[in-house]
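# Understanding the architecture of this molecule
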Amino acid sequence: AQKVTQAQTEISVVEKEDVTLDCVYETRDTTYYLFWYKQPPSGELVFLIRRNSFDEQNEISGRYSWNFQKSTSSFNFTITASQVVDSAVYFCALSEADTGGFKTIFGAGTRLFVKA
Amino acid sequence: DAMVIQNPRYQVTQFGKPVTLSCSQTLNHNVMYWYQQKSSQAPKLLFHYYDKDFNNEADTPDNFQSRRPNTSFCFLDIRSPGLGDAAMYLCATSRVPQGQETQYFGPGTRLLVL
């Protein structure tokens, strides 16, 4: 069965601090996909990144970086030099084959507060 | 800009009074999803349409129904809302229902049941 765990419920940092959001997943499939979404107070989930299970290369996009490690089933997300606009709930998600297609499961989310 | 639109953004209904939430998309995607998100919880998939094919999640209550009259529109009908159905309802789309496909979300409709 698939499962996504985001152990950090809330994180509070001061602007310009670096912060890492943890994501640990469980799956029996060899082919699966991992996502990070951002949900600002407006409510809309915004896609940040997708990673497939065969690509363990870490990725950097501006102040955002992702560390995918299959050995520990983790897909952690780091924000460098955080800004107030980064305040949001961040969801990690896992998509894998299920009866009739694919199914996406979201973690419980980590609420990030960035204080000025 | 191409997008996923949900109306209304806030909906108040009475206990037991049917309510319909709407979603439209300009992305021309084949798949439309409805998620329920309760306060401080993860989005939970209720069902999705792949073109005209309806796919219901096993644990979605019968109280929740959906209609997709055309590619652009999809509706969520709650036949007899209970207090426990108060939540944010998110509509999303993707090109096809494959694992690697990114889902594009609307802003959500927050439902309050009195």
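Please refer to the structure placed before this passage.
Rules of the game
Residues numbered from 1 in each chain as written. Chains lettered and ligands numbered in written order. Predicted model: local features only at pLDDT ≥ 70, side-chain atom pairs only at ≥ 80, totals over all residues. Heavy atoms only, no water. Helix = DSSP H or I, 4+ residues; strand = E, 2+ residues; numbered from the N terminus. Rg over C-alpha atoms; globule rule 2.2 N^0.38 Å. Buried < 20%, exposed > 50% of the residue type's maximum accessible area, 1.4 Å probe, protein only. Contact = heavy atoms within 4.5 Å. Areas by Shrake-Rupley, 256 points an atom, 1.4 Å probe, with all protein chains shown as cover. Polar contact = N/O pair within 3.5 Å; in protein donor to acceptor, adjacent residues only side chain to side chain. Buried area = accessible area lost by both parts, 1.4 Å probe. Salt bridge = Lys/Arg side-chain N within 4 Å of Asp/Glu carboxyl O. Pairing = 2+ DSSP bridges. Axes fitted to C-alpha atoms, helices over the stretch in contact; angles between N-to-C directions.

Turning to the overall build of chain B, a few remarks are in order. Counting its regular elements, chain B contains zero helices and 11 strands. In chain B, the succession of α and β elements from N to C terminus is β-β-β-β-β-β-β-β-β-β-β. By the compact-globule yardstick of 13 Å for 114 residues, chain B fits well, its C-alpha radius of gyration being 13 Å. Counting only residues that meet the buried cut, chain B has 51% of its 114 residues in that class. Across chain B, the fraction of contacts at a sequence separation of at least 24, relative to all contacts at a separation of at least 6, is 56%. Total accessible area on chain B is roughly 5,500 Å²; 50% of this is exposed by carbon and sulfur atoms.

For the rest of this paragraph, the subject is the side chain of threonine 110 of chain A. All names here are of chain A. Structurally, threonine 110 is set in strand β12 (residues 110–115). Classification of threonine 110 by relative accessible area gives buried; the value is 0%. At 2.6 Å, the side chain of threonine 110 forms a polar contact with the backbone oxygen of glutamine 8. In this view, threonine 110 contacts Gln6, Gln8, Thr9, Ile11, Leu21, Ala88, Val89 and Tyr90; residues no more than four positions away in its chain are not counted.

Now for the interface of chain A and chain B. Taken together, the contact between chain A and chain B spans 18 residues of the former and 20 residues of the latter. Carbon and sulfur atoms make up 53% of the surface buried where chain A meets chain B, a total of about 1,500 Å² over both sides. Broken down residue by residue, the surface that chain A buries against chain B is led by Leu45, Phe102 and Phe106 of chain A, which jointly contribute 29%. Viewed at the interface, chain B and chain A are joined by one salt bridge. The salt bridge involving glutamate 57 of chain B is made with lysine 103 of chain A; its shortest N-O contact spans 2.9 Å. Summed over the shared surface of chain A and chain B, the number is five residue pairs in polar contact (both at pLDDT 80 or more). Counting residues per element, the ones that place at least two in the side of chain A that touches chain B are β5 (32–39), β6 (46–52), β10 (88–98) and β11 (101–106) of chain A.

Further remarks concern the side chain of threonine 93 of chain B. All names here are of chain B. Inspection of the secondary structure puts threonine 93 in strand β9 (residues 87–94). Taking relative accessible area as the criterion, threonine 93 reaches 0% and is therefore assigned buried. Side chain to side chain, threonine 93 and histidine 29 meet in a polar contact 2.8 Å long. Filtering out sequence-adjacent residues up to four positions away, threonine 93 remains in contact with Val4, Gln25, Leu27, His29, Val31, Met32, Tyr33, Thr102, Gln103 and Tyr104.

So, on to unusual backbone geometry. Residue asparagine 7 of chain B is joined to proline 8 of chain B through a cis peptide bond whose omega torsion reads -10°. Inspection of the secondary structure assignment puts proline 8 of chain B in the loop between β1 (4–7) and β2 (10–13). The backbone of serine 73 of chain A sits at a positive phi, close to 50°, despite the residue not being glycine. Among the secondary structure elements, serine 73 of chain A is positioned in the loop between β8 (64–69) and β9 (74–79). Judged by its relative accessible area of 23%, serine 73 of chain A falls in the partly exposed class. With a phi angle near 55°, aspartate 51 of chain B is a residue other than glycine that sits in the positive phi range.

Before going further, it helps to examine the environment of arginine 63 of chain A. Residues and elements named next belong to chain A. Take arginine 63: it is sitting in the loop between β7 (59–61) and β8. When its relative accessible area of 25% is taken as the criterion, arginine 63 is described as partly exposed. Apart from the residues within four sequence positions on either side, arginine 63 is in contact with Thr78, Ile79, Thr80, Ala81, Ser82, Gln83 and Asp86. For arginine 63, the side chain forms a polar contact with the side chain of aspartate 86, separated by 2.8 Å.

Residue and element names in this part refer to chain B. Reading across the sheet, the four strands line up as β1-β3-β8-β7 and stay open at both edges, with antiparallel pairing between neighbours. Among the strands making up the open sheet, the edge pair consists of β1 and β7 (64–67). Geometrically, the sheet is characterised by an average inter-axis angle of 20° between neighbouring strands, direction not taken into account. Across four bridges, β7 lies against strand β8 (residues 73–78) in antiparallel orientation. Bridge pairing in β8 links serine 66 to leucine 76.

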